[in-house]
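Next come the chains, spelled out residue by residue.
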Amino acid sequence: MESEDDYSPLITNVNEDLTDLFVEIFAQKISVDPEFTEETYQKKHKSFYIHRILSKHIKDTSGFSNEGFQGETDDEKCDSENADMPIHLEDGTVLKIQKYRYFRHKKCEMVWDTQRCLFAKLDGLEQGSTCTDLQWAGAQPPAPRTRGKLLNIYGLNEIKVPIQTIMALILLEVFNPFYVFQLFTIAVWLAEPYYYYCIAVVLMSTFGVATSVIQTKRNQENLRATVEAHDTVTLYGGHTVDSRFVVPGDVVLLPAAGCHVYFDAVLLSGTCIVNESMLTGESVPVTKTALPRISKTYETREHAAHTLYCGTKVIQTRYYNNEPVRCLVIRTGYNTSKGQLVRSILYPAPADFKFDRDSYKFIFILACIAALGLAYTVVLKAYRSLTPGDIAIKALDIITIVVPPALPAAMTVGRLYAVSRLARARVACLNTRAVNVSGSVDCVCFDKTGTLTEDGLDMWGIVRVTTGISPPALGQHKDPKTLNDLDDMKLGMATCHGLTLLDGNLAGDPLDFKMFESTGWTLEEPDIPDETKYELLIPTIVKPRRQANINVDDFHLPLEVGIVQQYQFVSRLQRASVATRILGEDVLRLYCKGAPETLRELCQPDTVPHNLNEVLSSYAEKGYRVIALATRVLELTFQQLQKMSREELETELEFLGLVILENRLKPATTAVIKELKDADINVVMITGDNVHTAVSVAKECGIIGAGERVVTMKVGLSGEVYCESTMHGVPIGKPYPLARRLSGSSDDSGRWTGSGSVGERRAADDPESGAGCKYRVVMTGDVWQILRERYTSCVPNAVCAGAVFARMTADQKQQLIAEYQALGYYVAMCGDGANDCGALRAAHTGISLSEAESSVAAPFTSHDPNVSCVPRILREGRAALTTSFGVFKFMVAYSLTEFLSVAFLYYFDSNLTDFQFLYIDVALIVNFAFFFGKTEAYTGKLCATPPLTSLLGIVPLFSLIGQMILIAVAQYLSYFSLIQFPWYVRHTYEGDEANECWENYAIYAVSMFQYITLAIVFSHGAPYRRSVVTNKQLMISMLIMTALCLYITITPAEWLAKFLQLRLPLDPMMAYAVLVIAFGNFIAALFFERFVIQFMMEERRMIPKCIKEKRARKTPYMMIKRHLTHSDYLLNVDLIKYMKETSGGGSDNSFSSSATNSSDKK
């Protein structure tokens, strides 16, 4: 219930039956019945929402101010008042109704479709519309009365971020199970009375709650300040309105000087230069052109070149014949692209951190122990004939002892120390709870531009085809400025781009900019149309900086090339092209650039150099970005050109050569990637940039190793996915289709089998090991979309082997993060663009390198814009997680130790006194817990194994059980030593406050040293934290408290003994016996924790193989890695047999391709 949309507590009574409804929102399964909405995420988390079903009359516009149209009437007929209004739904259905029912769920309006009997999401005008329909709608803007109805349907065009009140945040925080138990504990202590420690716990809890509430409030306010914006806009017809009152169907005029876009719209006329960094993360101006008048269904992705998105900025507009640049609003509010991005921030996927889940389970176990203690106390005290009131107080008191009330505050203090250390390293943390999660990260996803690399590319040179020999071959590297101005290679580099002039400066894609800049030419865009020269209204002209002439029919004309037609880069086609005309020529020249593998198929075979693969390999190994250029002469007029399709033009090309560029990495990138990979952390690149640039950068920085094959997944013309394998840039074999389902066989054993590889034998020896596959998968956002729709069984393995995901939208980035999380990874996302916000929010650990939009969504923000902060955050996270484990075990062991002491003394009708409790709880426990987290993070190499995340695993449980056995034995030995002295007399019950006895002394004296022992043994050092001896504050505190405990045990002053109500033994040998037992307990506990637990079980993994196998089977990516290790389908050495997992569903987690023959390889 995180927004005002979810506050409706009831579903109203309606006449119609609403049973058996189904709602599907953002790939999350939602089942709807008359009472509630249920969301299931990754089969782990369930959320239930109760909504109020509302009715809406479209013509009832009361409550809405039709700003800018007040007092105006339209010329509609009288019956227009009762005309049905079209309602566009997400699945393309258009309802024509006057009244409908709906409910709001997470800022989305779900409309009831009476014909299909289901709820569907209300969407924009483009759903179910063709390009012609949208152009027609733009020619007839809605009348004032119609605008009022649309305003009633879609609401105000605003993206409001709800901010909870301080009281609401406090209530949400204090209803945490830990704090609820604290209230119960405080009530019991007040009844005893035990005020001192009660006050200490209240102060610590108040500090923890206040810290969390202030942090959450600040985050919400920052998000609101970042995303909420509005301005005035001018509608077609002269009306000026506030952008909040714009409705779908409005036609907005775009000013020539540019503006911010507050809605999603299609461009109806003119062109726009737009900065879409909010969506793509790439601060590159993009040219938007008018939507074509064709009878083709409008698709957001296909027609992105004609769509303006909310949150982007129009830098400049250009119009023809004084016609204003117009756009048709199709989506407003949370239906826009920006609205969806904000929704992903407001409603992220549930965070699944095993440590937090296990902590609650562990508290349940402690509660069971407390129940046993309660039963023991009731039976024992009833046998002693105590009053029911006294029995109740004693029984409840032992419950408060078992569950440590100071645990939340102690855990918070440890995280705050980590946050302060990160702040000194110029890393801000918005959420202290994210620090622990970052310690479990085993997969790091990076954005590319601005994160791994500097902005832009650098020209390295060209390699031209030598045509004087047969067959043609690629020659030596050259500087493009040395080429003749009439050389086709130079003409192609000067014209085949999407650059434009903004305020007299070139702007556009960095690759295009560097390629054009290297030619030394200039670009002009005349203000006055010249229809006779190039048959275009506003041509783009390129020419050499120095005057150059050509001879045409004995006339000397300046060398000028006009760009007649542009075909923008399409990721599916992997190419872009332009049609040009040289001044004075009668023919057109087509220049095409793109991936060398793609252009080779489009060129005439006799023009393709025979050494192309060899040259590509040499440059690919060095990490360069390689672009191919080709050309074709077109004997066409401009009118004929317009009638031809792109596919008809981009054939029979002549291969010209290669353009070599490099994308410079940031200085820290390579070292950080190496450090992460050495720590066995899966490193992935997720970018909105070109796939070839991304792969080149991935090879250069080490994400893709030098000896790893690259399997590029592509979409064929028929929509099928196929795989291409390359090694060192050279293709291996032919492209093969990706099988939709796993085809394999199984035997009776149900095990996976292969060819007996090393990976198999290693997996048999250590179920948790996985050498990983010998190839890395590369794909684009288009492929990712098709995989999710048609190849669902292949997604897990493709993701597990993935290295580069290019051309990914903001939603796709978030989907990929969720997929890695579903595989069992703890994922960190590092990015710097607003398009990374959803992924940063969805990841377990979001790291922003920008202090703009992305910093609002990410819990970590680095003030130094490079990835060197990532290892630092992981180190601090691992240290904080180890600290939390240590503090948790320390606090639990302290409670159980105190429980054993009290239970032991209850048997002798005694108890610890209030000031003995106070000394233990405050002087020892709170003191040590406060300094426990000041041990700094380990400064050496990142360990290949992250810290444990499960409190209920065999290692932490064995550690706690072993320590408690040693503590129980030591306390018994202390009592056993006491009864050996002849002066010992058993204590008898003399009243509730008569607790002074020798049994009390023996148990209390030895237990004081046991708490110090627990603090030392649970303070683990390397490989996650520095040695405990480096924690000066904790060591000084321990030395002081050890000296004080020695003083209390051996020869306390009379006033101190009376204050603590200690009955000192008659023989000082008893005190020395206690010291010997405490020292022996310390040695045994230290040996057990350091050697048995840390060395044998954590480092050497000497635990039963069945337990390791069980853990591996619960972690999908471990099983997938094991299978990929010895099912490398692209090696094609033999037939791989895939065996079905005994647990079922193994065939759905497989990534395979059709088997190939060795003869297919080149």
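Everything quoted here is computed from the prediction, not taken from an experiment.

If you look at the biggest cluster of nonpolar residues, it comprises 92 residues, and the most contacted ones within it are Met891 and Phe928. Counting residues domain by domain, this core receives three or more from each of domain 1 (166-227) and domain 2 (404-420 + 878-987 + 994-1102). Beyond its immediate chain neighbours, meaning those up to four positions away, phenylalanine 928 contacts Phe890, Tyr1011, Ile1012, Ala1015, Leu1034, Ser1037, Met1038 and Met1041.

Counted by the stated rule, this structure contains 22 aromatic pairs. Judged by centre distance (4.9 Å) and plane angle (80°), the rings of phenylalanine 103 and phenylalanine 119 are edge-to-face. Of the two residues, phenylalanine 103 sits in strand S8 (residues 99-105) while phenylalanine 119 sits in strand S10 (residues 118-121), which places them 16 residues apart along the sequence. The two residues phenylalanine 103 and phenylalanine 119 agree in class, both being buried. On the basis of an interplanar angle of 50° and a centroid distance of 5.5 Å, the ring pair of phenylalanine 904 and phenylalanine 908 is categorised as tilted. Residue phenylalanine 908 is classed as buried on the basis of its relative accessible area of 2%. Of note, lysine 56 hangs over the ring of tyrosine 102, and the distance from its end group to the ring centre comes to 4.7 Å.

Hydrogen bonding along the main chain pairs the strands of a sheet, whether they run parallel or antiparallel. Taken in spatial order, the 11 strands of this open sheet run S21-S44-S43-S42-S22-S36-S41-S40-S37-S38-S39, and their pairing is mixed. Strands at the two margins of the open sheet, each flanked by one partner only, are strand S21 (427-429) and strand S39 (730-737). Between one strand axis and the next, the sheet turns by 20° as a mean value, whatever way the strands run. Across the sheet, helix H27 (residues 869-907) lies against S21, strand S22 (443-446), strand S42 (827-831), strand S43 (845-848) and strand S44 (860-862), angled at about 145° from S43, the strand it touches most.

Spatially, 4 strands are ordered S14-S19-S16-S17 in an open sheet, and the strand pairing comes out antiparallel. Edge positions in the sheet fall to strand S14 (259-260) and strand S17 (285-288), since each of these pairs with one other strand and no more. Note: strand S16 (residues 271-275) against strand S19 (residues 313-318), 5 bridges, orientation antiparallel. Directly across from isoleucine 273, in S19, lies its bridge partner glutamine 316.

Rules used throughout
- Residues numbered from 1 in each chain as written.
- Predicted model: local features only at pLDDT ≥ 70, side-chain atom pairs only at ≥ 80, totals over all residues.
- Heavy atoms only, no water.
- Core = buried A, V, L, I, M, F, W, Y, C linked by side-chain atoms within 4.5 Å.
- Buried < 20%, exposed > 50% of the residue type's maximum accessible area, 1.4 Å probe, protein only.
- Domains from an automatic or database assignment.
- Contact = heavy atoms within 4.5 Å.
- Phe/Tyr/Trp six-rings, centres within 6.5 Å; stacked < 30°, edge-to-face > 60°.
- Helix = DSSP H or I, 4+ residues; strand = E, 2+ residues; numbered from the N terminus.
- Lys NZ or Arg CZ within 6 Å of the ring centre and 35° of its normal.
- Pairing = 2+ DSSP bridges.
- Axes fitted to C-alpha atoms, helices over the stretch in contact; angles between N-to-C directions.

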